[in-house]
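Observations on the three-dimensional arrangement
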Amino acid sequence: MSNKKQYTKSITPIDDYVCTLPEETRKIAEDELRETESVRRHALESLREWAEKNPRIKAIRLDSKFLLKFLRCKKFSLPMVKEQIERYLVLRHYVYDDMKVFTNFDYKMPVMQELIDLGYIFPLPQRDHLNRRVIMYRPGVFNPSKHHNFEMVKLHGLTYETLMEDELVQVHGLVHIVDSSGMGLHYLTIFTPHEVYRIGRNLEKIVPIRHKQIHGLKVHPSLKFAVDFALSQMNDKMRKRVFLYKNIEDINVDKTLLPLEYGGTIPMKDMIESFKQELAARYQTVIGNDKMDVNLEMYPEQVRSGSVRSLKMSIDEIEAEKNYNNNNNINGYGLQGVQGSFRKLEID
């Protein structure tokens, strides 16, 4: 039995993990993610000890489900997992207009309720033939003159945080379907290209999700250059998982999973209500994540501000380089308080 008293930083009880995954899922976890009982046990113990001894971390979830979503995302590579966890904790401090974007994932907020009811984003109730959850996106219902870009990002964060509490999602991953109907050039004002690049690269590296496929529908010709830009920023592996279609009839997804309005059997409003029930069931867990914290001043400014360049090095390597430069009278990175404002982010 784990001695939870030795893990004073944990905001959740320390559990002895018992795998309840279906046999098929266990085999996928072993074949694709290198997960076995012994590997999992060793990794969980190592991460808990590391977090407890890490002076930069003040409070963190150390329950198995939380740690496993990072371990499964990074295929149990402990150095990569540790780096991702710390950057994830720092990401939660990013601010925009004096508001932390990646905390307070509260679906009860009026603006969140409004966007959810519009069907801006919602997971389909049924899984596909590979046991993957499928998320539907309808960005055309987002009104740039009424809603702010950080509200869009917050709703994405809320959705992913909720779904990633499901171990089946952690192993099998997510499929994304984006219906671009109603989008035009004016939607490019939501984010600048610099912001899209910075946010996209950070979320890709930091948020623990296994993205399996992206299906794009009805991309307006005026947005083709934006899509081409986005594709150019993806690695080859991810780029091969992106598929674009002119018509819903052509999409290579089981159409019975789709909303009734897209050729399926369940009305969209019923799917949205099902999503709300899922949000409610995991509400306390998702909100409770806000108790996690770090000593922000101990991180290099590049890491705190979400510099894309900083993603190419580990936090310790950046800190060592800063110290080396300072010792040699070369300007370092400068710790200047939390930046992270989307409107201040520039490609570096």
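Source: prediction; values computed, not measured. (Residues numbered from 1 in each chain as written. Predicted model: local features only at pLDDT ≥ 70, side-chain atom pairs only at ≥ 80, totals over all residues. Heavy atoms only, no water.)

**With respect to the nonpolar core**
Among the nonpolar cores identified, the biggest contains 92 residues, and Ile 60, Leu 71 and Ile 85 are the most heavily contacted of them. Non-local contacts of Leu 71, meaning those with residues more than four positions away in its chain, are made with Ala 43, Leu 44, Leu 47, Phe 76, Leu 78 and Val 81. (Core = buried A, V, L, I, M, F, W, Y, C linked by side-chain atoms within 4.5 Å. Buried < 20%, exposed > 50% of the residue type's maximum accessible area, 1.4 Å probe, protein only. Contact = heavy atoms within 4.5 Å.)

**Digging into the packing of helix 6 (residues 149–163) against helix 11 (residues 268–281)**
Any two packed helices are characterised by how steeply their axes cross, that is the angle between the axes, and by the distance between the axes. Orientation of helix 6 relative to helix 11, taken along the N-to-C sense of each, is 70°, at an axis distance of 10 Å. The angle between helix 6 and helix 11 places the two elements in the roughly perpendicular class. Note that helix 6 runs across helix 11; the crossing there is left-handed. Residue-level contacts link Leu 158, Thr 159, Thr 162 and Leu 163 of helix 6 to Phe 275, Glu 278 and Leu 279 of helix 11. Looking at the contact of helix 6 with helix 11 residue by residue, the classes come out as four nonpolar, two polar and one charged. (Axes fitted to C-alpha atoms, helices over the stretch in contact; angles between N-to-C directions. Helix = DSSP H or I, 4+ residues; strand = E, 2+ residues; numbered from the N terminus. Parallel < 35°, antiparallel > 145°, perpendicular 65-115°, else oblique. Left-handed = near helix turned anticlockwise from the far one by under 90°. Nonpolar A, V, L, I, M, F, W, Y, C, P; charged D, E, K, R; others polar.)

**Some details on the layout of surface pockets**
Considered as a void within the structure, the second largest pocket measures approximately 250 Å³ in volume. Lining the second largest pocket are 13 residues, and of these Asp 16, Tyr 17, Glu 37, Arg 41 and Leu 44 lie nearest its centre. The element best represented in the lining of the second largest pocket is helix 2 (residues 37–53), accounting for six residues. Here the lining of the second largest pocket is built from residues that sort into four nonpolar, two polar and seven charged. (1 Å grid on protein atoms, 1.4 Å probe; cavity = no way out; pocket = protein on both sides within 12 Å on 5 of 7 lines; lining within 4 Å. Points joined across faces, edges and corners; volume = space filled by probe spheres on them.)

The values reported here are purely geometric and, on their own, carry no functional implication.
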